[in-house]
Amino acid sequence: MKLRSRSITILLCLLSIEQVTAQSKKDSIPDSTTVLSEVKITGYLHEQRLWLTPASVAALSKKNIELLNNSSLVPAMNSIPGVRMEERSPGSYRLSIRGSLVRSPYGVRNVKIYYNDFALTDAGGNTYLNALNINDIDGIEILKGPDGSLFGANSGGVVLLKSNTDTLSSASARVYGGSFGLFGEAVQLNKSSGKHLYSFRQSYQQSDGYRQNTQNHRLFLQASDVWNYAANKSLEVYAFYSDLAYRTPGALTLALYDAAPEAARPPTATLPGALEQNAGIKSKMLFAGIRHQMKLSSYLSHSLAVWGSHVDFDNPAISNFENRNENNSGIRTFLTLQNTSSPTAAWHVSMDVGFEGQRLTSAIHNYDNNQGVAGKLQAYSNILSYQYFEFVRGKLNWDNRLIIEAAVSRNNSGYHFRDTTRIKNDFRTVWMPHFALNYKIADPISFRAIVSKGYSVPTTAEVRPANNMIYTDLQSEQGWNTEAGFRFSLLQGKLRLDASAYQYSLTNGIVSQVDNAGNSFFVNSGKIKQKGLEAAASWVVLPRNDNGTVFKSIEWNSSYTYAYYYYGQYKVNNSDYSGNRVAGVPRNVFVNNVYIDFPKAVYLFVQHNYTSGIALNDANSVFAKSYHLLSAKAGTRYFSKHHFLPEIYVLADNLLNKKYSLGNDLNALGGRYYNAAPTINFSAGAVWKW
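Residues numbered from 1 in each chain as written. Predicted model: local features only at pLDDT ≥ 70, side-chain atom pairs only at ≥ 80, totals over all residues. Heavy atoms only, no water.

Caption draft 1: Fine view of the overall build of the protein chain. For the protein chain, the count of helices and strands is six helices and 39 strands. Taking 2.2 N^0.38 as the reference for a compact globule, 690 residues should give roughly 26 Å; the C-alpha atoms of the protein chain span a radius of gyration of 25 Å, in line with that estimate. Projected onto its principal axes, the C-alpha coordinates of the protein chain cover approximately 70 × 50 × 45 Å. Buried residues in the protein chain amount to 57% of all 690 residues. Put simply, of all contacts in the protein chain between residues at least 6 apart along the chain, 64% involve residues at least 24 apart. Accessible surface, the protein chain as shown: approximately 27,100 Å² in total, 58% of it carbon and sulfur. Put simply, the protein chain has 67 plus and 51 minus side-chain charges, and the middle of one group is 2 Å from the middle of the other. (Helix = DSSP H or I, 4+ residues; strand = E, 2+ residues; numbered from the N terminus. Rg over C-alpha atoms; globule rule 2.2 N^0.38 Å. Buried < 20%, exposed > 50% of the residue type's maximum accessible area, 1.4 Å probe, protein only. Contact = heavy atoms within 4.5 Å. Areas by Shrake-Rupley, 256 points an atom, 1.4 Å probe, with all protein chains shown as cover. Lys, Arg positive; Asp, Glu negative; His and termini not counted. Charge placed at Lys NZ, Arg CZ, Asp CG, Glu CD.)

Here's what the structure looks like:
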């Protein structure tokens, strides 16, 4: 409770700060929408219009994130076609882009994630996404499909997280609470002073959770300074600290899931239960980065970013108590050459040449778990992991009608065990090419085509998983992705459609298995065939009308994902799973939401999610049932028009009170597949902005 009191004190202090309100920013949720605004992205090194980008890209603004949920990223991420995010218990995230959960018993694998242009994914392939709080993220860009040409090893995609997008002095604060002991608060202060923009963020969230053994809390602190010290030159400094702890209830058999879905995993004749072992995660992370950008001339610019992080990680699990002490460092730099001297010319050419490298040291100790206390040492590893790549990209733009890109990267990676095992594996160098074009057939429609290679090395946690064994024969997965898509716009931008179809043939695909003690380990599955369709549509049903007596505006959004994933060739011991569906991937996902603005600054947001059945094992003998989720948020900004009065809202999740598992344990021992998601739940909050 001391932590909660400290957080509330900080909140009240910031509420008393009035001098920073001289230059206030606009409300992040506008009163209504006349047309869907032109979306610009920065993921491909430089800002560009989404309409002209030869790639399958999705963007979530601060408005999108805030409307869906204020305590979890899951609903917002799952509104994007081709993306699936799961939360087995509060704080335990899993993320996939185009089906890569096949190798994720927990955490984030096979996806490269950046935070403010610094790699959050470390050299070992792991990403501590749950270190961040949703209230500290201002925007998300998702680059779907393999794109190692600019971002190194990934065969699923790339996620770019942004914070501190404000450029003026401002302040904000929020507080919220709800079902299952949910409580959270967040404060932000931006101060513009001369050539500096200082920013401070603090947030805290805790809950008891729906199931037994799901208590959790997260404290997050971030400070930054953007210094525009000269014309066309800037220096940015970021640092954050995250203190996260959450309990893990463990998966249930179908019988227990049906009888008592809120229960934690019980003990068996041979293994203790989650409550008995105090199973959970404690993770403290300190991250810092510096980025320098400068324009050397009218046609040449340079960017340099360096970063480092330290993680102290404890995981009392069913069979052991794992402690990891990790230190990661990285650098990313690139030069850009472009012919901006002739803006009226029909042809524009640009080239990017760069390098990124990371180094991770991991000291891993596994002990007996004596009811949540580390006991006798079982195993110890000291691992050095590294990844680095060079890249070059050329881009040709003809009158904003035809855009052609060609890029390639040379990737090197490996790991060295510096303990008594002395195991060393330097993976062979891999070249990852990428070719793409975007052609504007007419003003309302554009067509794109992409051919790219995907590549992903085994992570540190896959080479040396929780069973304390070292899998030196585990190989990298790689394959070729071919894709075609189009974007369509009508009614002056009021109606938009973005659709794509792809085929991705993956060789040596990495998938998870479970040993007799319930620990996950990993094998190469041979060939995985991934075919899919994705579509996203937005429609301004009713443009802004300030004189409307019933509605001021109505906006509708839809997304659809079709994933036909199956094993082309996959044998494990005496079992042949060739031709079976890939476990963990729903065949169909359909999401719809509507945003309505009423008079008196009242708004309503409703979202429906349909997810089809999911294969839970490679044999396809067990499937999770399909489910429908309905959520809604209503609020008013009327009070926020007055000084020191907030926007207030109420939010309801799982309104249909459906039983479903948001994060299944795949190929689980003893049929323990199911992690029950919360039943119907509610929350409410208030937001102050100046």
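Alright, that's what it looks like, and here's the rest.
Caption draft 2: Inspection of the pairing of strand 34 (residues 602-611) at higher detail. Here strand 34 shows a buried face lined by Tyr 603, Phe 605, Gln 607, Asn 609 and Thr 611 and an unburied face lined by Val 602, Leu 604, Val 606, His 608 and Tyr 610. Taken together, the ten bridges between strand 33 (residues 588-598) and strand 34 define a ladder with antiparallel strand orientation. Note on strand 34: the bridge partner recorded for Val 589 is Thr 611. With antiparallel pairing between neighbouring strands as the criterion, strand 33 and strand 34 make up a hairpin whose turn holds three residues, including Lys 600 at a positive phi of roughly 65°. In this sheet, strand 37 (residues 627-636) lies alongside strand 34 in antiparallel orientation, the contact comprising ten bridges. When the sheet's bridge partners are listed, Tyr 610 is paired in strand 37 with His 628. (Pairing = 2+ DSSP bridges.)

Caption draft 3: Focus on the pairing of strand 13 (residues 196-207). Across the twelve residues of strand 13, nine count as buried, placing the element largely inside the fold. Here strand 12 (residues 182-193) runs beside strand 13; their pairing, made up of eleven bridges, is antiparallel. Each bridged residue has a counterpart across the sheet, and for Val 187 the counterpart in strand 13 is Gln 202. Between strand 12 and strand 13, which pair antiparallel and follow one another directly, the connecting turn spans two residues, one of which, Gly 194, has a positive phi of 65°.

Caption draft 4: Representation of the environment of Glu 534. By secondary structure assignment, the location of Glu 534 is in strand 29 (residues 527-542). Each C-alpha atom of the pair Glu 534 and Arg 401 lies 24 Å from the other, and the pair is 133 residues apart in sequence. The contacts of Glu 534, once residues within four sequence positions are left out, are Pro 81, Gly 82, Arg 98, Lys 144, Asp 498, Ala 499, Ser 500, Tyr 502 and Tyr 560. Looking at Glu 534, its side chain comes within polar contact range of the side chain of Arg 98, at 2.9 Å. (Polar contact = N/O pair within 3.5 Å; in protein donor to acceptor, adjacent residues only side chain to side chain.)

Caption draft 5: Focus on the packing of aromatic side chains. Applying the stated criterion across every chain yields a total of 26 aromatic pairs. Judged by centre distance (6.2 Å) and plane angle (80°), the ring pair of Tyr 560 and Phe 590 falls under edge-to-face. Within this pair, whereas Tyr 560 is found in strand 30 (residues 553-569), its partner Phe 590 is found in strand 33, the two being separated by 30 residues in sequence. Of the residues examined, Tyr 560 reaches a relative accessible area of 30% and is grouped as partly exposed. For Phe 590, a relative accessible area of 37% translates into the label partly exposed. Feature note: the residues Tyr 115, Phe 118, Phe 220, Tyr 238, Phe 240, Phe 287 and Trp 307 constitute an aromatic cluster, connected by ring pairs. It is Lys 63 that lies over the ring of Tyr 595; its NZ or CZ is 4.7 Å from the centre. Above the plane of the ring of Tyr 502 lies Arg 98, whose end atom (NZ or CZ) is 4.0 Å from the centre. (Phe/Tyr/Trp six-rings, centres within 6.5 Å; stacked < 30°, edge-to-face > 60°. Lys NZ or Arg CZ within 6 Å of the ring centre and 35° of its normal.)

Caption draft 6: Representation of the sheet that holds strand 9 (residues 139-144) in the model. Spatial strand order, 3-9-10-7-8: five strands in an open sheet with mixed pairing. Edge positions in the sheet fall to strand 3 (57-60) and strand 8 (118-119), since each of these pairs with one other strand and no more. Bridging between strand 7 (residues 111-115) and strand 8 involves two bridges; their strand directions are antiparallel. Looking at strand 8, one finds that Tyr 115 is bridged to Phe 118.

Caption draft 7: Focus on the layout of surface pockets. When its volume is computed, the second largest pocket comes out at roughly 490 Å³. Looking at the second largest pocket, it is lined by 19 residues, and the ones nearest its centre are Glu 47, Gln 48, Gln 338, Lys 395 and Asn 397. Elements represented by at least two residues in the lining of the second largest pocket include exactly strand 2 (48-49), strand 18 (321-338), strand 19 (347-369) and strand 20 (374-398). The residue makeup of the lining of the second largest pocket, split by class, is four nonpolar, ten polar and five charged. (1 Å grid on protein atoms, 1.4 Å probe; cavity = no way out; pocket = protein on both sides within 12 Å on 5 of 7 lines; lining within 4 Å. Points joined across faces, edges and corners; volume = space filled by probe spheres on them. Nonpolar A, V, L, I, M, F, W, Y, C, P; charged D, E, K, R; others polar.)

Caption draft 8: Focus on the pattern of salt bridges. By the definition in use, this model includes 26 salt bridges. In this structure, the salt-bridge partner of Arg 174 is Glu 66, at a minimum N-O distance of 2.7 Å. With Arg 174 in strand 11 (residues 170-178) and Glu 66 in helix 2 (residues 62-68), this pair connects stretches of sequence that are 108 residues apart. Taken as a pair, Arg 174 and Glu 66 share a single burial class, namely buried. Linked by salt bridges that have partners in common, Arg 98, Lys 144, Glu 483 and Glu 534 make up one network. (Salt bridge = Lys/Arg side-chain N within 4 Å of Asp/Glu carboxyl O.)

Caption draft 9: Quick look at a nonpolar patch on the surface. A cluster of nonpolar side chains, contributed by Trp 347, Trp 398, Ile 404, Leu 437, Tyr 439, Ile 441, Phe 447, Phe 486 and Leu 497, occupies part of the molecular surface with about 750 Å² of accessible area. Among the elements that line the nonpolar patch, the one with the most residues is strand 23 (residues 430-442), at three residues. Structurally, Ile 441 is set in strand 23. (Patch = residues over 30% accessible without salt bridge, like charges linked within 9 Å, V, L, I, M, F, W, Y side chains within 5 Å.)

Caption draft 10: Examining the side chain of Ser 234 more closely. If you trace the backbone, Ser 234 turns up in strand 15 (residues 233-247). For Ser 234, a relative accessible area of 8% corresponds to the buried category. In contact with Ser 234, not counting residues within four places along its chain, are Trp 227, Asn 228, Tyr 229, Arg 291, His 292 and Gln 293.

Caption draft 11: Representation of unusual backbone geometry in the model. Phi is positive for Asn 232, close to 65°, though the residue is something other than glycine. With respect to the helices, strands and loops of the structure, Asn 232 is situated in the loop between strand 14 (216-230) and strand 15. With relative accessibility at 54%, the residue Asn 232 sits in the exposed group. Within the chain, Asn 278 stands out as a residue other than glycine whose phi angle is a positive 50°. The topology assignment puts Asn 278 in the loop between helix 5 (254-259) and strand 16 (280-295). A relative accessible area of 28% places Asn 278 in the partly exposed class.

Caption draft 12: View of the environment of Tyr 439. Within the secondary structure layout, Tyr 439 lies in strand 23. Judged by its relative accessible area of 33%, Tyr 439 is partly exposed. Each C-alpha atom, one on Tyr 439 and one on Leu 52, is 8.1 Å from the other, the two residues being 387 residues apart in sequence. Here Tyr 439 is in contact with Arg 401, Leu 402, Ile 445, Ser 446 and Phe 447, once residues within four sequence places are set aside.

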